[in-house]
Amino acid sequence: MSPPILPGATIGILGSGQLGRMLAQAARRMGYRVETLSPGTDTPTGQIAERELVADYDDLDAIAAFARDVDVVTFEFENVASAATEVAARHAPVRPRGEVLHITQNRLREKRALAAAGLPTAPFEAVDDRQGLAVAVSRIGTPCILKTAGFGYDGKGQVRLDADTDLEWAWRSIGDGPAVLEGLVDFEAELSVVAARGLDGGLVDFGLIENRHANHILDVSIADMPVGEAQTDRAREIAATIMEQLDVVGVLCVELFLTRGGELLVNELAPRPHNSGHLTIEACPSSQFDQQLRAVCGLPLGETTRKAPVAMANLLGDLWEGGEPDWAAALADPAVNLHLYGKAAARPGRKMGHLTAFGDHRDDAMRRVVAARSALKAE
Ligand SMILES: Nc1ncnc2c1ncn2[C@@H]1O[C@H](COP(=O)(O)OP(=O)(O)O)[C@@H](O)[C@H]1O
Ligand SMILES: [Mg+2]
């Protein structure tokens, strides 16, 4: 096994959003240097990093120069092409490896990898063209969801199909490219498991987190989903199987559906820290970002036990519509913490920050975080 990458070394982050920012904060706290590469300037990650390189993800010369300059390359942006991760890997270890990105950035490859690992998903069919869509709909049945195979996030590139939906319109509305058709899951809840795997194969996870969405964007996450031990164990086992099969070094989030029958189905994978894991920053001795740092540096992983019941609420750009939110009002509850990502423009739907709140029990934590967010807009 290669020796650990120690404090003083430089962490290279491909991508420059809030996930990179929180990784950079964890890294700088532990005495690492941070460089980020993305097409943007004054980015959430760049504001924390020592160095912000501005280049496109397909500028292979820039990627090579970046990788030469750092001690390990990791990423917060998933849609980096294999050519770029291959070039980077010639100059520095890339963790997780490029193949993991390649699989998870495409829903079809991801679903096939899950099926190969024997893990349950919603029924799905590959769709290559408009004719293929009709065939797939007849196999899966309605209601179902058509998703672009690549570049989807926050519900973008998805459309629900019912018995009377015009297939021509549906196909055009997702942009006429390779797609996946999935059966609609009648779920009881949406859950996630954020797990980390070290260079030595050691695994830790943060347990089952419940995720509630609004307009297909994560709205609130609550730790400690009250399900039986068997389900928690099953979710852990799913995460472990994926990480071992894909040989992931780093953090990976498994998004799950809990069906009304009590079964866990894998929705999608993110080979990096996840929005639902932000509550680990306050709630756990080692956050998901600490774990990512430790894992990619080949260090031992940290403790994940939660200190208290906790919930997280996202702050979207919509909150700025009536002017600057009332931060003091949200912080009137001492159990609430504020995170802002340093984004200048507050567009509707854009993730600008989040709030975390502790509570006496999970419902109390959830109530407090939602109340704090509502206080932001009250006049
Ligand atoms: N097969 C499905 N059945 C029911 N709901 C779904 C299904 N697929 C997606 N959704 C809903 O849409 C949300 C976003 O879909 P997801 O595949 O996670 O894409 P994204 O990359 O946008 O997060 C999910 O969190 C869930 O609420
Ligand atoms: Mg998702």
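Predicted model only: the values in this text are computed from it and were never measured. Note that residues are indexed from 1 along each chain, following the sequence as it is written. Working convention: letters from A go to chains and numbers from 1 go to ligands, in the order in which they are written. For a predicted model such as this one, the threshold for reporting local features is a pLDDT of at least 70, and the threshold for listing and counting side-chain atom pairs is 80 or more; totals across whole chains, interfaces and linings nevertheless cover every residue. Each side-chain value is worked out from all heavy atoms of the structure, with water and hydrogens disregarded.

A. Representation of the packing of helix α2 (residues 60-69) against helix α3 (residues 82-89). Between N-to-C directions, angles span 0 to 180 degrees; the directions come from axes that are lines fitted to C-alpha atoms, helices contributing only their stretch in contact. Strands here mean DSSP runs of E at least two residues long; helices mean DSSP runs of H or I at least four residues long; both are numbered from the N terminus. Where α2 meets α3, the axes come as close as 8 Å, and the angle between the chain directions of the two elements is 35°. Helix-helix and strand crossings are classified by hand; for α2 and α3 the assignment is right-handed. Between α2, through L60, I63, A64 and A67, and α3, the contact on the second element is made entirely by A83, A84, V87 and A88. Residue type decides the class: Asp, Glu, Lys and Arg count as charged, Ala, Val, Leu, Ile, Met, Phe, Trp, Tyr, Cys and Pro as nonpolar, and the leftover types, Gly among them, as polar. The residue inventory of the contact of α2 with α3, partitioned by class, reads 8 nonpolar, no polar and no charged. Left-handed describes a crossing whose near helix is turned anticlockwise from the far helix by less than a right angle; the clockwise case is right-handed. Contacts: residue pairs with any heavy atoms within 4.5 Å of one another.

B. Expanded view of empty space enclosed by the protein. Cavities and pockets are found on a 1 Å grid laid over the protein atoms alone: a cavity is a set of points where a 1.4 Å probe fits but cannot escape, a pocket is an open set with protein on both sides within 12 Å along at least five of seven lines, and a lining residue has an atom within 4 Å of such a point. Grid points are joined across faces, edges and corners, and a volume is the space filled by probe spheres set on the points. Considering all chains together, one arrives at 1 cavity of 30 Å³ or more under this definition. The greatest single-element share of the lining of the largest cavity, amounting to 3 residues, is contributed by helix α5 (residues 107-116).

C. Structural detail: the sheet that holds strand β3 (residues 51-54). Any two strands with at least two DSSP bridges between them are considered paired. Pairing is parallel in the open sheet, where 4 strands are placed in the order β3-β2-β1-β4. Unpaired on one side and paired on the other, β3 and β4 (72-75) mark the two borders of the sheet. The average undirected angle you get between the axes of adjacent strands in this sheet is 25°. Where strand β1 (residues 10-14) lies against β4, 4 bridges are found, and the strand directions are parallel. Pairing of L14 across the sheet is with F75, part of β4. Contacts from α2 reach β1, β2 (33-38), β3 and β4 within the one sheet, and its direction differs from that of β2 by about 175°.

D. Quick look at the domain arrangement of the protein chain. For each domain, the first and last residues come from an automatic or database assignment. One can read the domain layout of the protein chain as domain 1 (10-94), domain 2 (123-183) and domain 3 (187-377). Here the C-alpha centre of domain 3 lies 29 Å away from the C-alpha centre of domain 2. Tallying the contact residues gives 4 residues for domain 2 and 4 residues for domain 3. Between domain 2 and domain 3 the total buried area reaches about 340 Å² when both faces are included, carbon and sulfur atoms providing 36% of it. Buried area, as used here, totals the accessible surface that two parts lose on assembly, with accessibility defined by a 1.4 Å probe and the loss added over both.

E. The arrangement of the layout of surface pockets in detail. What the second largest pocket holds in volume is close to 220 Å³. Contributing to the lining of the second largest pocket are 14 residues, with D219, N314, L316, D318 and R373 lying nearest its centre. For the lining of the second largest pocket, the class distribution of residues is 6 nonpolar, 4 polar and 4 charged.

F. Structural detail: the site of ligand 1. We call a residue near a given molecule or strand whenever any one of its heavy atoms falls within 4 Å of it. In the neighbourhood of ligand 1, 20 residues make up the surrounding shell, with K147, G155, V185, E190 and E268 lying closest. Pairing of N or O atoms within 3.5 Å defines a polar contact, subject to two protein rules: one partner must be a possible hydrogen donor and the other a possible acceptor, and residues neighboring in sequence count only if both atoms are side-chain atoms. Contact distances for ligand 1 include 2.4 Å between an oxygen atom and a backbone N or O atom of G155. In the complex, 92% of the free accessible area of ligand 1, which totals 540 Å², lies under the protein chains. The set of elements that each furnish at least two residues to the shell around ligand 1 consists of β6 (144-148), β8 (179-183), β9 (187-197), β12 (250-259) and β13 (264-270). Of the residues assigned to the shell around ligand 1, the class counts are 6 nonpolar, 7 polar and 7 charged. Split by domain, the shell around ligand 1 shows at least three residues from each of two domains, domain 2 (123-183) and domain 3 (187-377). For every accessible area listed, the method is Shrake-Rupley and the probe measures 1.4 Å; residues are considered covered only by the protein chains on display.

G. Up close: the packing of aromatic side chains. Ring geometry is summarised as follows: Phe, Tyr and Trp rings, the Trp one being its six-membered ring, pair when their centres sit within 6.5 Å, and such pairs are stacked at plane angles under 30 degrees, edge-to-face over 60 and tilted between the two. Considering all chains together, one arrives at 3 aromatic pairs under this definition. Considering the side-chain rings of F187 and F257, the 5.2 Å spacing of their centres and the 10° angle between planes classify their relative orientation as stacked. With F187 in strand β9 and F257 in strand β12, this pair connects stretches of sequence that are 70 residues apart. For F257, a relative accessible area of 8% puts it in the buried group. The cut-offs for exposure are 20% and 50% of the maximum accessible area for each residue type, with area from a 1.4 Å probe on protein chains only; residues under the lower value are buried, those over the upper are exposed, and the others partly exposed.

H. Structural context of the state of the cysteines. By disulfide we mean two sulfur atoms from cysteines, separated by a distance within 2.5 Å. Overall, the coordinates contain 0 disulfides when judged by the stated rule. Take C253: it sits in no disulfide, and the sulfur closest to it among the cysteines is that of C284, at 14 Å. For C253, a relative accessible area of 1% corresponds to the buried category.

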